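Structural characterization, general
What follows is each chain in one-letter form.
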Amino acid sequence: MKATEILMSEHRVIERVITSLEAGAARLENGAAIEPAFFLDAADFIKGFADGCHHHKEEGVLFKTMVDYGMPSNSGPVGMMLMEHEQGREFTRGMRAAAQKLKDGDASARAAVIQNARGYAALLRQHIQKEDGILFPMADRIIPQPMHESVIDGFERVEHEETGEGVHEKYLALAERLAAEVK
Ligand SMILES: [Fe+2]
């Protein structure tokens, strides 16, 4: 398996949560049943999986290797991806803060929950498309074949050392639960 295929399969899990998040935002807007905790759980998924496991593999391993092989780090496609990761973090912080207020009884926070949830979903959908369609094929080309194994080793290190054993599985289960809540 290619290193980028591992990241692409994680993109499919993130997209599943984005779809749930859009459904949750629509429910909140229409006054249908949805708990503020749904958005807090989604923020936990994003922080732990999308931004934890997944973005650490990209930022700390794949992008870093691309930079080693000549890509600029603060401009061009890698710089753009890093900037979008940061924008995603801002939407997630905004969604978490608003969902917490809503949970505490402040109904005026509803609009901010919807706005940040939709902002994150729209950002990540196009971000993932760019990574899958442009950046990853570029990584496959510029990183020499023998280095791909060490990129995969780097991913495994992120998974086991930074995020911990069993954490990946915990977030896959959370993605399933979020989907079930808005079915
Ligand atoms: Fe990604």
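In short, a report on the structure.

Analysis parameters
Residue numbers here run from 1 along each chain, matching the order of that chain's written sequence. A pLDDT threshold of at least 70 governs which residues receive local features in this predicted model, and a stricter bar of 80 or more applies before side-chain atom pairs are shown or counted, although totals over entire chains, interfaces and linings include all residues. Side-chain descriptors were evaluated using all non-hydrogen atoms of the structure, hydrogens and water having been removed beforehand. Between the N-to-C directions of two axes lies an angle of 0 to 180 degrees, each axis being a line fitted to C-alpha atoms and, for a helix, fitted only over the stretch in contact. Secondary structure follows DSSP: runs of H or I at least 4 residues long count as helices, runs of E at least 2 residues long count as strands, and numbering of each begins at the N terminus. Angle categories: roughly parallel below 35 degrees, roughly antiparallel above 145, roughly perpendicular from 65 to 115, and oblique for all the rest. Throughout, a contact is declared for two residues whenever any of their heavy atoms are within 4.5 Å. Gly is placed with the polar residues, together with every amino acid not listed as nonpolar (Ala, Val, Leu, Ile, Met, Phe, Trp, Tyr, Cys and Pro) or charged (Asp, Glu, Lys and Arg). Because no water is among the atoms considered, metal sites can look incomplete, with donors defined as N, O and S atoms within 2.8 Å of the metal, or 3.2 Å for Na, K and Ca. Metal sites are grouped by the angles between bound donors: all angles between 85 and 135 degrees with four donors is tetrahedral, opposite donors over 155 degrees apart with the others between 65 and 115 is square planar for four donors and octahedral for six, and any other pattern is irregular. Should the near helix be turned anticlockwise from the far one by less than a right angle, the crossing is left-handed, and should it be turned clockwise, the crossing is right-handed. Pairs of N or O atoms within 3.5 Å make up the polar contacts considered here, provided that, within protein, one atom can donate a hydrogen while the other can accept it, and that residues adjacent in sequence are counted only when both atoms are side-chain atoms.

Where helix α1 (residues 3-30) contacts helix α5 (residues 145-162), the two axes come as close as 8 Å, and the packing angle between them is 40°. Classified by the angle their axes make, α1 and α5 are oblique. Here A3, I6, L7 and E10 of α1 come into contact with α5, specifically with H148, V151, I152, F155 and E159. Partitioning the contact of α1 with α5 into residue classes produces 6 nonpolar, 1 polar and 2 charged.

Let us look at the coordination of the iron ion. For the iron ion, the full set of protein donor atoms is H11 (NE2), H54 (NE2), E58 (OE) and E131 (OE), at a range of 1.9 to 2.2 Å. Every donor counted, the 4 donor atoms about the iron ion form angles of 80 to 162° at the centre, which fits irregular coordination.

Let us now look at the packing of helix α2 (residues 36-68) against helix α3 (residues 76-103). Viewed as axis vectors pointing N to C, α2 and α3 meet at an angle of 165°, and their least axial separation amounts to 10 Å. With respect to α3, the element α2 is oriented roughly antiparallel. For the pair α2 and α3, the sense of crossing is left-handed. Taken together, the residues of the contact of α2 with α3 sort by class into 15 nonpolar, 4 polar and 8 charged.

Here T4 is to be found in helix α1. A polar side-chain atom of T4 sits 2.9 Å from a polar atom in the side chain of D140.

Any functional reading would require information beyond the geometric quantities listed.
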